[in-house]
Each structure stands twice: as C-alpha cells, then as structure tokens.
Amino acid sequence: MDKRTTVGIDLAKDVFAICVLDAHGAVLDRKVLRRAAFERWAESLSEPCTVAMEACGSAHHWGRFFATRGHTARLLAAEFVVPFRQGGKNDGNDALAIAIAARQPTMRFVPVKTVEQQAILAWHRMRQGWIEERTALLNRVRGLLAEFGLVPGRSPAVLIAAMARIVDEAAAPEPMRAIVQQAREQLAQLDARLVACDMQIQAHARCSPQAERLRALLGVGPITASAVVATVPDATLFRHGRLFGAWLGLTPRQHSTGGKTRLGASSKRGDAYLRGLLVNGARSALQAALRAAPDKATRLQLWMVGLARRCGYQKALVAIANKHARMIWAMLARDERYDPEAWRRHARTQPSDATGMPMPSAVGMS
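Residues numbered from 1 in each chain as written. Predicted model: local features only at pLDDT ≥ 70, side-chain atom pairs only at ≥ 80, totals over all residues. Heavy atoms only, no water.

### Structural notes on helix α6 (residues 156-169)
Here α6 spans 20 Å end to end across 14 residues, near enough to the 20 Å set by a 1.5 Å rise per residue. In this structure, the buried side of α6 is in contact with α5 (115-146) and α7 (174-207). (Helix = DSSP H or I, 4+ residues; strand = E, 2+ residues; numbered from the N terminus. Expected span 1.5 Å × (residues − 1). Contact = heavy atoms within 4.5 Å.)

### Re the pattern of salt bridges
Following the criterion strictly, the structure yields twelve salt bridges and no others. Across the pair Lys89 and Asp94 runs a salt bridge, and its minimum N-O distance is 2.6 Å. Judged by relative accessible area, which is 2%, Asp94 ranks as buried. Connected via shared salt-bridge partners are Arg85, Lys89 and Asp94. (Salt bridge = Lys/Arg side-chain N within 4 Å of Asp/Glu carboxyl O. Buried < 20%, exposed > 50% of the residue type's maximum accessible area, 1.4 Å probe, protein only.)

### A look at the nonpolar core
Judged by nonpolar contacts, the single largest core of 43 residues is most densely connected at Leu214, Phe244, Met304 and Ile328. Secondary structure elements with two or more residues in this core: α7, α8 (209-214), α9 (222-231), α11 (272-291), α12 (299-311) and α13 (313-333). Discounting chain neighbours no more than four positions away, the residues touching Met304 are Ala285, Leu286, Ala289, Ile320 and His324. Counting residues in each nonpolar core, the second largest holds 19 residues, with Trp41, Leu45, Met53 and Trp62 among its members. (Core = buried A, V, L, I, M, F, W, Y, C linked by side-chain atoms within 4.5 Å.)

Read these as spatial facts, not as claims about activity.
What follows is the structure in structure tokens.
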C-alpha cells in the first residue's frame, strides 16, 4: 500500500474535506467529515506526514494540533491555492488544490502562531473592532443630529461635547435626547474597553524584549511593536527586508513584461492592520522630521524631508513605512538594536538615493 505523505484539508466550522496524496502525488483517499468525525480521524492519523490547510479561521489551532502529534503543519495563503483548483469550486476540489499546492517546491507558507501570540493578537483585533464601532456610532449620531439642524464640528471631541449639551440643555426633542444619552453611555463603554486594550498591549510591549527593541525606532510605538512581534513569529522566514516590506503590501504592484518594468500603486497585500500601523507611524516620523531644524535633524530625518519634496507627502508615507519595515526585519532577524549611526561604519556599501547621497542604514550591531 502506498504511503500517504501529504494531506490537504479544507477547514470549516462543521464540515471538513480531506484529500490524501502519496509520494508521487496520486490521490489515495478523499472524504468529507463532520466535526466530531474529523477530530477522531485527526487523532487516528498516526504516520507522520505533511498536513496542509489554508490560513483561515482556526487554521493556527489545527496547525498546532497536528504539529504536536509529529506531523508537519503547513498553512497556505488562499490566493496561492486558487491556481491549483481543478474544476468548479467545492470543498473536495479545495482540499485537492491545497494538497497539490503544498507539494510545490517554491510555495511560501504562513508560520503557525503560538497560543501566546494569538492571545495578544486577539486584543489587537478587538481594539481595532471597537475603534470601528466607535467611529460608526459617532457618524450615526452626527447624521441623526443633522436632521434637527444640529451640525457640530467634525472633530469627535467637539461632537461628544455637543452631545452632552444636547442632553443637558434640551436642544432637541425628548426622544432624540434619550437616543443621544444612550449613545453617550455606549461611547463611555467603548472608551473603557479601548483603555483596557491599550493597557494590555502596552504591558506586552514592555515584557517582550523584541518589542522593546523595536520601540527605539522613531514612528514605532508600543502598539505597533506588539503587533509586529505577535504577527511575525520568525522574521528569518523572509530572506531579506525587501520581502518583508512586500509581504506587508508596502511595495509597488508590478505590471512588467518584455524587459520593461512598470510599477503601479502599492500592492496593499498582507495584514492591513499592521500596514496601517506602519503608515501611521511613518506619518508621525515625517511630521517630526518636517518640524526638526536642518542643523539638528538626524540623517534619516533629512532623507524623509527630501523624499517628501521629491515624491509628495502621501507617497513618502508609504516609502517611509517600507523603510521602517525593512529596519524592523533587520532588528528581528539579526537580533540587533537600532543604531542611527550605523551608516558611518557601512557608508561605502549603502545604495544611493536620487540625490546621490548614501541611503540611511537600517541598524547596527548592538
């Protein structure tokens, strides 16, 4: 009997599709199981093999489940599985496509996160969701107030102050005042939850040596440092910082052919939450660079200012975020601390920018 070497699993909440391949890629078994039956089948999988799944909900849980039982767990991005799907889209064909994709020698896999990393990421995800709820609630109240001729300023702080006056001074009909009061109570609850999230995330950033090193980089605060450490289990999985920046969607999308390179807008691939934190951090760093006096600005700040003048403010933000991502990769992959003077030791090896000046170095040895 041929030995199974690769198992492709299409995960779901209740129904799991399984496809088993041998060493030659031939299909040995295909089945669809309910959750309880799938758990019994997974427990009975005794021979070590490669278990491949799409990186979706519960994938990291099952990855740890199979890894602790001696199997090699592989998580694939869904976009890399699509080209290998044969026929129409269904659970069985998805499982076969996952198994075939996992056998490709050039395939890139998503590292399985630990329980601790996922616990911290849960705080980040809830924080992101509550911020969106808070914004939606303020916009909803603003639209309702406009129906009564009440148009506060655009600032959330101004709107919240106006909500308090509406309730206290009876500036709107009684039913509307009751709604505004309920909205104020919900805002207070959301603010309290956000404060709890920030405290938990900051505690993680203080306790993690990696996050503590990242915070030395201008534009990387405790939230960004914590998110990076929790999202990237092993930075050495990326061969260099350019791949890390591309994974975050901070590089241009290519449309190149015939030896002609055509670059478009940023690809915006990867983790949108982490990319947004880096771009916001780049905005903070660029603002600090623009405010700094030329004779007191660091070399990196002078580069930021020159970049903004050449490329424009928005493009400069993405470029600075990409630069920060490459620095972060170097600090994590090489276990180094940020050294703003590292360029002095490696000035001859640094590439030049459009002005002919050497680019700022990422990090130096700690």
